[in-house]
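Chain residues, written in single-letter form:
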Amino acid sequence: PLSKMMSSFIENVPCCSHWDKIIVHNPVNTDVYGLRKKNDCRKALGLPCDKIVLLFVAYNIVDKRKGLNRVVAALRLIGRDDIVLCCVGGYDNSLIIEVPHVLLGSINDEHLLNQVYSSADIFVLASEQEAFAQTPLESIASGTPVVATPCSGTEELVNKYNGVRCRDFSTDEMARCIKLALDTKYDSEQMREDIINRFSPDYIASQYMEIYQGMLK
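These lines cover the structure that appears in this document, whether it is placed above or below. In this convention, every chain numbers its residues from 1, walking through the sequence in written order. Per-residue local features of the predicted model are confined to residues with pLDDT of at least 70, and side-chain atom pairs are confined, for both listing and counting, to 80 or more; whole-chain, interface and lining totals are unaffected and use all residues. The side-chain values count all of the structure's non-hydrogen atoms but skip hydrogen atoms and water molecules.

**Side note on the overall build of the protein chain**
The numbering of helices and of strands both runs from the N terminus, where a helix is a DSSP run of H or I of at least 4 residues and a strand a run of E of at least 2. Counting its regular elements, the protein chain contains 9 helices and 6 strands. Its C-alpha radius of gyration of 18 Å places the protein chain within 12% of the 17 Å reference for a compact globule of 217 residues. Along the first, second and third principal axes, the C-alpha atoms of the protein chain reach 60 × 35 × 35 Å. When accessible area is computed with a 1.4 Å probe and restricted to protein chains, residues below 20% of their type maximum are described as buried, those above 50% as exposed, and intermediate ones as partly exposed. Burial statistics for the protein chain: of 217 residues in total, 47% are counted as buried. In what follows, residue pairs with any heavy atoms lying within 4.5 Å of each other are defined as contacts. Taking as baseline every contact in the protein chain between residues at least 6 positions apart, the subset at least 24 positions apart corresponds to 63%. Note on areas: these come from Shrake-Rupley sampling with a 1.4 Å probe, and a residue is covered only by the protein chains present in the view. A total accessible area of about 11500 Å² is found for the protein chain, and carbon and sulfur atoms account for 50% of it. None of His or the chain ends enter the tally, which takes Lys and Arg as positive and Asp and Glu as negative. Think of each charge as sitting on NZ of Lys, CZ of Arg, CG of Asp or CD of Glu. In the protein chain, 23 side chains carry a positive charge and 28 a negative one; their mean positions are 3 Å apart. All radius of gyration figures rest on C-alpha atoms, and the globule criterion is 2.2 Å times the number of residues raised to 0.38.

**Side note on the packing of aromatic side chains**
The description of an aromatic ring pair uses the distance of the two centres, along with the angle that the planes make with each other. Pairing of aromatic rings covers Phe, Tyr and the six-membered ring of Trp, with a centre-to-centre limit of 6.5 Å; geometry is then stacked below 30 degrees between planes, edge-to-face above 60, and tilted otherwise. Counted by the stated rule, this structure contains 4 aromatic pairs. Each ring, one from Y117 and one from F123, has its centre 5.8 Å from the other, and the planes form 70 degrees; the classification is edge-to-face. For Y117, a relative accessible area of 1% puts it in the buried group. The exposure class of F123 is buried, given its relative accessible area of 0%. Grouping aromatic residues by their ring pairs yields a cluster made of Y33, Y117 and F123.

**Brief notes about the state of the cysteines**
Disulfides are defined in this document as cysteine sulfur pairs within 2.5 Å. Applying the stated rule across the entire model yields 0 disulfides. Left without a disulfide partner, C49 is nearest to the cysteine sulfur of C41, which lies 10 Å away. The exposure class of C49 is partly exposed, given its relative accessible area of 37%. Between C177, a cysteine without a disulfide, and C166, which holds the nearest cysteine sulfur, the sulfur-to-sulfur distance is 3.6 Å. Taking relative accessible area as the criterion, C177 reaches 0% and is therefore assigned buried.

**Some words on the pairing of strand 1 (residues 52–60)**
Burial analysis of strand 1 places 7 of its 9 residues in the buried class, which makes it a mostly covered element. At least two DSSP bridges between two strands are required for those strands to pair. Relative to strand 2 (residues 83–90), strand 1 runs parallel, the two being bridged by 7 bridges. For N60, the partnering residue across the bridge sits in strand 2 and is G90. By convention, orient the strands away from the viewer: a clockwise path from the first strand over the helix to the second makes the crossover right-handed. Chirality of the crossover, the property in question, places the unit of strand 1, helix 3 (residues 68–78) and strand 2 among those that are right-handed. Direction of pairing for strand 1 relative to strand 4 (residues 122–125): parallel, over a ladder of 2 bridges.

**Observations regarding the layout of surface pockets**
With a probe scaled to a water molecule rolled over the atoms, the places where space remains empty come into view. Roughly 360 Å³ of volume is contained in the largest pocket. Around the largest pocket, the lining comprises 22 residues; the ones closest to its centre are V57, A58, Y59, V88 and T135. Elements represented by at least two residues in the lining of the largest pocket include exactly strand 1, strand 2, helix 4 (110–119), strand 4 and helix 5 (134–141). With 4 residues, the top contributor of residues to the lining of the largest pocket is strand 1. Three classes are used, and their members are as follows: Ala, Val, Leu, Ile, Met, Phe, Trp, Tyr, Cys and Pro are nonpolar, Asp, Glu, Lys and Arg are charged, and the others, Gly among them, are polar. Grouping the constituent residues of the lining of the largest pocket by class yields 13 nonpolar, 6 polar and 3 charged. Computed over the protein atoms alone on a 1 Å grid, cavities are sets of points where a 1.4 Å probe fits but cannot get out and pockets are open sets with protein on both sides within 12 Å along at least five of seven lines; a residue lines them when it has an atom within 4 Å of a point. Grid points are joined across faces, edges and corners, and a volume is the space filled by probe spheres set on the points. Taken as a whole, the second largest pocket holds about 290 Å³ of empty space. Along its surface, the second largest pocket is lined by 19 residues, and K38, D121, G143, P145 and S188 are the ones closest to its centre. When grouped by side-chain class, the residues that make up the lining of the second largest pocket number 8 nonpolar, 6 polar and 5 charged.

**Observations regarding a nonpolar patch on the surface**
A contiguous nonpolar patch, built from Y208, M209, Y212 and M215 and spanning about 450 Å² of accessible area, is present on the exposed surface. Mapped onto the elements, Y208 comes out in helix 9 (residues 201–216). A patch is a set of surface residues, each over 30% in relative accessible area and not in a salt bridge, joined within 9 Å for like charges and within 5 Å for the nonpolar side chains Val, Leu, Ile, Met, Phe, Trp and Tyr. Put simply, a salt bridge is a Lys or Arg side-chain nitrogen that is within 4 Å of an Asp or Glu carboxyl oxygen.

Structure representation (C-alpha cells):
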C-alpha cells in the first residue's frame, strides 16, 4: 500500500487481512520540482508580489471531493484582505469564488507547475479522500509549506518542519491551520532535503528492489 491509512484499510478487509503489507510511497521528481525565486515566478505568472498567495491545485477544482469550498470558507473566516487564492486545474462557468483569486487553468507541464508551487506562500490540500496525496510532495520539494487535511498520505508527509496537518475536515480547523502556517517560518532548503531523503525516485526504487530481492530469496 501507499500509506499507513491505506494499509489499515486493507487490514480490515477479511480477504486481505492475512497478506504481508509493506508500505512504499509514491516518489516525486526532485530533478523537476526544486527551489526557485518566488518573486521571479510571480512576475512570470502575473501574480501579485505584494500579497500572500495561497495555492490550490486539482485536476478539476470544482470537484467537491477536492474541497475548494472548504478553503474559500476558511479564508472568509480568516477575513484578511492581503491573501489571494491561486487555483490550478480545470473548471467551468458555474464556478464562483467569493474571495480574491486568480485562476491559472489546467497546467500539464511539470516545469511550469514547479514555477507555480514556488510562487506560493502556502499550498493547501483540502481533499476529503486521496490514495496518496501527490501535490503536497511536489509543493514541499519546491520549497513551499503545506496545510493538509487528514486524508491518506498526509500523516507520513506533513510534519512541523514543512507545514500543518489538520485534525479534522472542518472549516474552523482549516482556518486555524492556515493561520498557524502563515505565522510559522519554514526553511525551504531543509524541507526539500527531507523530501529528497524520503521520496526521491532513487530512494523509492531502492525500496522496491529490496522487496523484489526478498521475494527471490
